[in-house]
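Coordinate analysis (summary)
Here is what each chain is made of, one letter per residue.
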Amino acid sequence: LADTYFPYRSVCAAITAAGGNACEISPYISPYPADFASLCSTMRDIMRQKGRKFVFAYWPEPDKSMHEGGVECAKVKKVLQDLQGGAAALFDSLKEDTLLLITADHGMTDAEKNVCIYDEARLASLLKRPPVCEPRALSLFVKEGKGEQFRAAFADAFKESFRLYTREEFLASSLLGEGEPRGDLANFLGDFFAVATGGVSIFLTKEDAARQHGVHAGLTEEELRVPLIALKK
């Protein structure tokens, strides 16, 4: 759906268009590696081929386990040990003149208080449609002419835990990054955008609120800090 409605040129596509050799590997595209060892094996095979190349690889752990059990749970520690062992073995097998960069798309923190937005009846009654994006970074679509009422209701419910921006304030904040925004960005941002500064996360259902133990996309240091490991062969 994202590729259909919000298409963009990826870094791999940009490198290929410029005449370079680039590819992407993840469990969601062919050849669909079933485990981290298979992902590393596919990377290794490609990197051993002749010529300069750029390989982008993605693996959904430890994100998945952190969401399910929290950042500090025993399963996460085992997952991280396995990932570290696999990454070290991959690096040892690579040829000279190879740079391996390991990073993440976000930080993570343990959930302190998860709530359902529809439990806030006054606030929910002012919404035109359900919020989107993340439980700690919500795009909020408000009924016509109800902006000030919504701002007051949101402040009453979540002022200590979220920073609320209008669409214009959010676009000016640089929280989406530097550079020129795509032309249709404002069309799919809500009237307001709320970003967590405290321990509360806002879900659409009580079931989701009860299920998520690790959360991200807020403005706490744990969520903003992202690792970058650079290994040069």
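Refer to the structure presented above.
Computed from a predicted structure; not experimentally measured.

1. Focus on the pairing of strand E10 (residues 200–203)
The two faces of E10 match: Val200 and Ile202 on one face and Ser201 and Phe203 on the other face are all buried. Pairing analysis gives 4 bridges linking strand E5 (residues 113–116) to E10, with the strands arranged parallel. Across the sheet, residue Cys116 finds its bridge partner in E10, namely Phe203.

2. Notes on unusual backbone geometry
A cis amide bond links Ser30 with the next residue in sequence, Pro31, at an omega value of 15°. If you trace the backbone, Pro31 turns up in the loop between strand E1 (22–25) and helix H3 (36–47). Within the chain, Tyr32 stands out as a residue other than glycine whose phi angle is a positive 55°. Relative to the elements of secondary structure, Tyr32 occurs in the loop between E1 and H3. In this structure Tyr32 comes out as exposed when scored by relative accessible area, which is 51%. The phi dihedral of Asp97 falls on the positive side, at around 65°, and the residue is not glycine. Inspection of the secondary structure puts Asp97 in the loop between helix H5 (74–93) and strand E3 (99–103).

3. Focus on the pattern of salt bridges
For the coordinates displayed, the defined rule picks out 12 salt bridges. Put simply, Lys64 and Glu68 hold a salt bridge, and the shortest N to O gap is 2.9 Å. In this pair, Lys64 and Glu68 are both assigned in helix H4 (residues 63–69), 4 residues apart and thus about one turn of the helix distant. Across the pair Glu148 and Arg151 runs a salt bridge whose closest N-O atoms are separated by 3.8 Å.

4. Things to note about H3
In this model, H3 (12 residues) spans 16 Å end to end at C-alpha, consistent with the 16 Å of a helix rising 1.5 Å per residue. Buried within H3 are the following residues: Phe36, Leu39, Cys40, Met43, Arg44, Ile46 and Met47. Down the axis of H3, the smallest arc covering the buried residues is 165°, so these residues share one side. Along its buried surface, H3 packs onto E1, strand E2 (54–57), H5 and E3.

5. As for the environment of Ala217
Inspection of the secondary structure puts Ala217 in the loop between strand E11 (214–215) and helix H10 (221–224). Looking at Ala217, the relative accessible area reads 27%, which means it is partly exposed. The spacing of Ala217 and Phe193 is 24 residues in sequence and 12 Å in space, taken between C-alpha atoms. Here Ala217 is in contact with Glu134, Arg136, Ala137, Val195 and Glu223, once residues within four sequence places are set aside.

Calculation notes
- Residues numbered from 1 in each chain as written.
- Predicted model: local features only at pLDDT ≥ 70, side-chain atom pairs only at ≥ 80, totals over all residues.
- Heavy atoms only, no water.
- Buried < 20%, exposed > 50% of the residue type's maximum accessible area, 1.4 Å probe, protein only.
- Helix = DSSP H or I, 4+ residues; strand = E, 2+ residues; numbered from the N terminus.
- Pairing = 2+ DSSP bridges.
- Salt bridge = Lys/Arg side-chain N within 4 Å of Asp/Glu carboxyl O.
- Expected span 1.5 Å × (residues − 1).
- Arc of directions from axis to C-beta.
- Contact = heavy atoms within 4.5 Å.

Purely geometric numbers; function is a separate question.
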